[in-house]
Amino acid sequence: MKISALNGFKDIVPGEVELWQHVENVARDIFARFHFSEIRMPILEKTDLFARSIGEATDIVEKEMYTFVDKQITMRPEATASLLRAYIQHGLHVKKPVQRLFTIGPMFRHERPQKGRLRQFHQMDVEVLGAANPRVDAELMGLGSMLMEELGISVSLEMNSLGCPVCRPGFRETLLNFINERLEHLCDDCKRRSSTNPLRVLDCKNPKCREQVEEAPSIQEHLCEDCDTHFAAVQKNLQQLGVQYSLNKFMVRGLDYYTRTTFEFITEDLGAQAAVGAGGRYDGLIEQLGGPKNIPGIGFALGMERLVLLLQQQEQEQAAASGVDIFIAGLGEKASEFAFPLVHTLRLNKIVAAMDHEGRSLKSQMKQANKAGAAWVLIVGENELEQGQVVLRNMETKEQEEITTSSLIDILLEKLQ
Ligand code: ATP
Ligand code: MG
C-alpha cells in the first residue's frame, strides 16, 4: 500500500527547496544587519504555555492546536510563546537588558489546508525583548519592509494600536454596545465572540459582518494618553525611515497577548491568504508567563510558505512574459483582418507571434506587448494600411520604420528568424 504525507503536511523537494534557501538566506542576512541573534526552541511545549499566552478564546487555542490529550503537551502553533518561555527559563534578561532574537522553523495548526495555508507551516520570527521605545516598533516594521523589498515581493503594511489594560477595557465596552445593537445581523461566530472576545468581531471575514462593523468605533480614538503618544511616535518614526504604511482600525489580530502596536504585511496576490507576516507589541506577556516584571516585548512572524508562493508566482509571470517575438497591434476591424492571417503565417515560420482579439486601444495593446516581452511590435493603423504601409517598432531600441505591406513578410522573416 502506498503511504503519502498527511493532509496539510508537505515535503519540500529539490527544485523547490532552493527557493526556500533563498528566502532564508536573504532573511538571515537582514537579521544580521539588524544585529539579531538566533535562538532555537523545541517543537513540543506544555499546552498551558499557549493557553495562557495566546488566549483561551482565540481560534488558535480553541480549535487549531495539535494537543496530545493524554499528555497536556502541544506542538507549537507559533513561536513567540516558546521563545519567551526560553527567555525566561534561561534568564536571558540578566545577560543583556535588550535581547534581539530570531528563530526559523515549523509551526503546527489544525486548519483547513488550502493554498498558502498548511497544517505544518514555517515561520521566520523576530522578537525584541526589553525595549519599550516606539522606535523599536518602527525599526521592526522597517526590517519587514526591507526584507520584502530585497526579496522583490510587493506588500502593503497595515498598522493599528490595540491599546493597553488601561484603555482597552473601556473601548471593549464601547464596542460591545455597538455590537449588541446589531447582534441579530452578525454571523454565529460573531454572536459567540461578542461575549468572549468582542474585538474579534472587527476582523470577521464574513461580508455581512463586515458591512455591520463598517461604522464601528475606532480603537485609535479611544487610546489612553500613553498609548496615544506611543502610536503617534511609531508613525513619526516610520515616516522618518520612509516606510510606507496605512492605518487599519479593523486589525485586531487573533492572539490575546498584543498591546499597543499591531501590524500586518498584506499581499493582494494570494487570495484569502492575504497576510504574509504579522505581529505586534506584547508588553505584559513576559510577566504573565511567570517572568520578570516590566519587560516589554515586540515581534512579528513571516509565513515562509506564502513568501515562497509569491516568489513562485513571480517566476511564472516572468516566464510567461518572455518569449514573444512579435506582437501585431492593430487599430480597427480592417487592421485585425490584416493581422490575423499574418500572425498565422509567421507562426508557420516558427516565429512566436501574438495579437489582440478584444478590440483594445492601441495604448493597451502596447502594454500587452510589453507584458508579453515582445521584441518587436508591428503597428497596423487603418489609414496607413489603406496606403499599404505599416510601422515596425523595435521594443528594445524604440526605433521605428515604415514598411510597405507588399514586402512585409520577407522583411519580417529576415529580421525575426
Ligand atoms: P491568517 O489570518 O492567515 O490565519 P494568522 O493571523 O493566523 O494568519 P499569525 O498567527 O499572525 O497568522 O502568523 C503569522 C504568519 O504566519 C501569517 O501572517 C502567515 O503568513 C503565516 N501563517 C499563519 N498560519 C498559517 C498556516 N496555517 N499556513 C501557512 N502560513 C501560516
Ligand atoms: Mg490563522
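Residues numbered from 1 in each chain as written. Chains lettered and ligands numbered in written order. Predicted model: local features only at pLDDT ≥ 70, side-chain atom pairs only at ≥ 80, totals over all residues. Heavy atoms only, no water.

Draft legend 1. Region of interest: the sheet that holds strand S10 (residues 275–281). What the 8 strands build is an open sheet, ordered S1-S5-S6-S11-S10-S9-S7-S8; its pairing is mixed. Each edge of the sheet is formed by a strand with only one pairing partner; in this case those strands are strand S1 (37–38) and strand S8 (246–247). Pairing between S10 and strand S11 (residues 297–303): 5 bridges, direction antiparallel. Within S11, the position partnered with Arg281 by the bridge is Ile298. Contacts from helix H1 (residues 17–33) reach S1, strand S5 (99–108) and strand S6 (120–129), with the element oriented near 0° to S6. The sheet strands contacting helix H6 (residues 134–151) are S5, S6, strand S7 (156–161), strand S9 (259–266), S10 and S11, and the helix crosses S11 at an angle near 15°. (Pairing = 2+ DSSP bridges. Helix = DSSP H or I, 4+ residues; strand = E, 2+ residues; numbered from the N terminus. Contact = heavy atoms within 4.5 Å. Axes fitted to C-alpha atoms, helices over the stretch in contact; angles between N-to-C directions.)

Draft legend 2. Examining the domain arrangement of the protein more closely. Partitioning the protein into domains gives domain 1 (17–167 + 223–315) and domain 2 (323–416). Placing a centre on the C-alpha atoms of domain 1 and another on those of domain 2 gives a separation of 51 Å. (Domains from an automatic or database assignment.)

Draft legend 3. The arrangement of helix H10 (residues 225–241) in detail. Here H10 spans 24 Å end to end across 17 residues, near enough to the 24 Å set by a 1.5 Å rise per residue. Within H10 the residues assigned to the buried category are Cys227, His230, Phe231, Val234, Gln235, Asn237 and Leu238. In an axial view of H10, the angular spread of the buried residues amounts to 165°, which keeps them on one side of the axis. Facing away from the buried surface of H10 by more than 90 degrees, the exposed residues are Glu225, Thr229, Lys236, Gln239 and Gln240. Tucked into the core, H10 has its buried residues touching H6, S7, S8, S9 and S10. Looking one or two places after H10, you find Gly242, whose phi comes out positive at around 70°. (Expected span 1.5 Å × (residues − 1). Buried < 20%, exposed > 50% of the residue type's maximum accessible area, 1.4 Å probe, protein only. Arc of directions from axis to C-beta.)

Draft legend 4. Up close: the environment of Gly271. Here Gly271 is to be found in the loop between S9 and S10. For the pair Gly271 and Gly116, spaced 155 residues apart in sequence, the C-alpha separation works out to 9.2 Å.

Draft legend 5. Structural view of a negative patch on the surface. On the surface, a cluster of negative charge is contributed by Glu333, Glu337, Glu382 and Glu386. Residue position: Glu386 is located in helix H15 (residues 382–386). (Patch = residues over 30% accessible without salt bridge, like charges linked within 9 Å, V, L, I, M, F, W, Y side chains within 5 Å. Areas by Shrake-Rupley, 256 points an atom, 1.4 Å probe, with all protein chains shown as cover. Salt bridge = Lys/Arg side-chain N within 4 Å of Asp/Glu carboxyl O. Lys, Arg positive; Asp, Glu negative; His and termini not counted. Charge placed at Lys NZ, Arg CZ, Asp CG, Glu CD.)

Draft legend 6. Summary view of the state of the cysteines. Using the criterion set out here, one finds 0 disulfides in the structure. Considering cysteine sulfurs only, Cys204 is the nearest to Cys190, which forms no disulfide, with 3.6 Å between them. Lacking any disulfide linkage, Cys209 is separated from the closest cysteine sulfur, that of Cys187, by 3.6 Å. Exposure remark for Cys209: the relative accessible area of 0% places this residue in the buried category. (Disulfide = S-S within 2.5 Å.)

Draft legend 7. Representation of the packing of aromatic side chains in the model. In the structure shown here, the tally under the stated rule is 7 aromatic pairs. Ring geometry for Tyr257 against Tyr282: centres 5.7 Å apart, planes inclined by 75°, an arrangement best described as edge-to-face. Of this pair, Tyr257 sits in the loop between S8 and S9 while Tyr282 sits in the loop between S10 and helix H11 (285–288), and the two are 25 residues apart along the sequence. Judged on exposure class, the residue Tyr257 and its partner Tyr282 are both buried. These aromatic residues form a ring-pair network of at least three members: Tyr257, Tyr258 and Tyr282. Positioned above the aromatic ring of Phe178 is the side chain of Arg182, whose terminal nitrogen or guanidinium carbon lies 3.7 Å from the ring centre. (Phe/Tyr/Trp six-rings, centres within 6.5 Å; stacked < 30°, edge-to-face > 60°. Lys NZ or Arg CZ within 6 Å of the ring centre and 35° of its normal.)

Draft legend 8. Representation of the packing of helix H13 (residues 333–348) against helix H16 (residues 408–416) in the model. Interhelical geometry of H13 versus H16 gives an angle of 40° and a closest axis separation of 12 Å. Relative to H16, H13 is oriented oblique. Every pair of crossing elements has a handedness; the one defined by H13 and H16 is right-handed. Contact with H13, carried on its side by Phe338, Leu342, Thr345 and Leu346, involves Leu408, Ile409, Leu412 and Leu413 of H16 and no other residues of that element. (Parallel < 35°, antiparallel > 145°, perpendicular 65-115°, else oblique. Left-handed = near helix turned anticlockwise from the far one by under 90°.)

Draft legend 9. Geometry of the pairing of strand S16 (residues 400–404). Across 5 bridges, strand S15 (residues 389–394) lies against S16 in antiparallel orientation. Bridge pairing in S16 links Leu392 to Glu401.

Draft legend 10. Quick peek at the site of ligand 1. Close to ligand 1 lie 15 residues, the nearest being Arg109, Glu111, Arg117, Leu118 and Arg253. Between ligand 1 and Gln123 there is a distance of 3.0 Å, counted from an oxygen atom to a side-chain nitrogen or oxygen. Gly277 places a polar main-chain atom, nitrogen or oxygen, 3.5 Å from an oxygen atom of ligand 1. Protein coverage of the free-state accessible area of ligand 1, which is 590 Å², stands at 88%. It is S10 that contributes the most residues to the shell around ligand 1, 4 residues altogether. Looking at the shell around ligand 1 residue by residue, the class counts come to 6 nonpolar, 4 polar and 5 charged. (Near = heavy atom within 4 Å. Polar contact = N/O pair within 3.5 Å; in protein donor to acceptor, adjacent residues only side chain to side chain. Nonpolar A, V, L, I, M, F, W, Y, C, P; charged D, E, K, R; others polar.)

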